[in-house]
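# Fold and contact review
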Amino acid sequence: MTELAYLSDGAAGYVRSFRARVTALPPGGIVLDRTFFYPAGGGQMADQGTLQPAAGPPWKVTDVTKSGAAVIHRIGRPAGSGTLTVGDEVEGAIDWGRRHRHMRLHTAQHLLSARIFSLTGLRTRKATMSGVRAEIELESTWPAGLVLEELDADVRRFLSPGRPVQIRYVPREEFERFPSARAGLVPLAPQVDPVRIVEIESADACPCGGTHVRDTGEIGPIALGSPSTVPGGASRISFTVGADAPPTPGA
Ligand SMILES: [Zn+2]
């Protein structure tokens, strides 16, 4: 079993390096007792980076996946003849540029889904993210009254000044009594308790196990694409965030 250390709170999403112990070595992979590497899931791509043993060259992490309760760090063999044994300690280092882009993109997705829901009552049924581009699939056709320029202006109000983004855990029973209004299209697995809620101040509260920035001011400008229709009565809208994070205000 791997402790998903990146989940605990908002600050855990900003941990770039950590120490952990090897608990298993499946073919082509390394399992640790805990990890801050995000395994692919929920529309968010996996982290990449390195695992450095006490001696020898680092092992490159090319992909991270979940397998039951374990997280497998898929690795490329290092140059030279590095070896690892169960029980060894390694230092993990996350490719921060890639991860932070995913955090900005993912938080932007929450915000955009929340604003579309607030303006039209339409929920997001699927979100996919890759690089600096994401796509949101809505449960219905694009509402005639939702003008792209107005949505764009609406979303900007929540980016500057930035709004705090917080993580909180609520008991499952409490979540069932007061569910997040825009969630519910994809049922939570029965064993999820407590429920991890990602909250953008005065904009959104939604269950999620991904990584997010701590303030929407970190996202930078969001560029909306044109909405399109999906066969079966749904619609999609794509968007991008800048390749680099915006400068920190006042810095
Ligand atoms: Zn999320």
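Residues numbered from 1 in each chain as written. Predicted model: local features only at pLDDT ≥ 70, side-chain atom pairs only at ≥ 80, totals over all residues.

### Digging into the environment of Glu91
Mapped onto the fold, Glu91 is located in strand 8 (residues 89-94). Among the residues examined, Glu91 registers 14 C-beta atoms within 10 Å and is labelled partly exposed. For the pair Glu91 and Arg19, spaced 72 residues apart in sequence, the C-alpha to C-alpha distance is 4.5 Å. Not counting residues within four places of it along the chain, the set of residues in contact with Glu91 comprises Ser17, Arg19 and Gln52. (Helix = DSSP H or I, 4+ residues; strand = E, 2+ residues; numbered from the N terminus. Buried ≥ 20, exposed ≤ 12 C-beta atoms within 10 Å, placed from the backbone. Contact = placed C-beta atoms within 7 Å.)

### As for the sheet that holds strand 13 (residues 204-207)
Two orientations exist for strands paired in a sheet by backbone hydrogen bonds: parallel and antiparallel. The antiparallel open sheet is built from three strands, whose spatial order is 11-12-13. Each edge of the sheet is formed by a strand with only one pairing partner; in this case those strands are strand 11 (165-170) and strand 13. In this sheet, adjacent strand axes meet at a mean angle of 25° when their direction is disregarded. (Pairing = 2+ DSSP bridges. Axes fitted to C-alpha atoms, helices over the stretch in contact; angles between N-to-C directions.)

### Let's talk about the sheet that holds strand 8
The antiparallel closed barrel is built from six strands, whose spatial order is 2-3-7-6-5-8. Here the strands of the sheet are splayed against their neighbours by 50° on average, with no regard to which way each runs.

### Section: the pairing of strand 12 (residues 195-200)
Judged from the six bridges that link them, strand 11 and strand 12 form a sheet pairing that is antiparallel. By the bridge assignment for strand 12, Gln166 is matched with Glu199. Relative to strand 13, strand 12 runs antiparallel, the two being bridged by four bridges. By the bridge assignment, Val198 is partnered in strand 13 with Cys206. Linking strand 12 to strand 13, which pair antiparallel, is a turn of three residues; within it Ser202 sits at a positive phi near 55°.

### Structural notes on the domain arrangement of the protein chain
A common way to state how big an interface is: give the accessible area lost once the parts meet. Partitioning the protein chain into domains gives domain 1 (3-94) and domain 2 (99-241). Here the C-alpha centroids of domain 1 and domain 2 sit 28 Å apart. Taken together, the twelve residues of domain 1 in the interface contact 18 residues of domain 2. Looking at the side of domain 1 that touches domain 2 residue by residue, the classes come out as five nonpolar, five polar and two charged. (Domains from an automatic or database assignment. Nonpolar A, V, L, I, M, F, W, Y, C, P; charged D, E, K, R; others polar.)

### So, the environment of Gly232
With respect to the secondary-structure elements, Gly232 resides in the loop between strand 15 (228-230) and strand 16 (234-241). Since 6 C-beta atoms lie within 10 Å of it, Gly232 is described here as exposed. In this structure the C-alpha to C-alpha distance between Gly232 and Glu139, which are 93 residues apart in sequence, comes to 9.8 Å.

### Brief notes about the environment of Gly10
Position of Gly10 relative to the elements: it lies in the loop between strand 1 (3-4) and strand 2 (17-24). According to the C-beta neighbour criterion, Gly10 is partly exposed, with 18 such atoms within 10 Å. Taking the C-alpha atoms as reference, Gly10 lies 22 Å from Ala134; in sequence the two are 124 residues apart. Residues contacting Gly10, with those up to four places away along its chain left out, are Val165, Gln166, Ile167 and Arg214.

### Observations concerning the pairing of strand 3 (residues 29-32)
Relative to strand 3, strand 2 runs antiparallel, the two being bridged by two bridges. Bridging across to strand 3, Val22 finds its partner in Leu32. Between strand 2 and strand 3, which pair antiparallel and follow one another directly, the connecting turn spans four residues, one of which, Gly28, has a positive phi of 75°. Taken together, the three bridges between strand 3 and strand 7 (residues 70-76) define a ladder with antiparallel strand orientation. Pairing of Gly29 across the sheet is with Arg74, part of strand 7.

### Observations concerning helix 1 (residues 96-120)
Between its first and last C-alpha, helix 1 extends 36 Å over 25 residues, near the 36 Å set by a 1.5 Å rise per residue. Within two residues after helix 1, Gly121 carries a phi angle of roughly 80°, on the positive side. (Expected span 1.5 Å × (residues − 1).)

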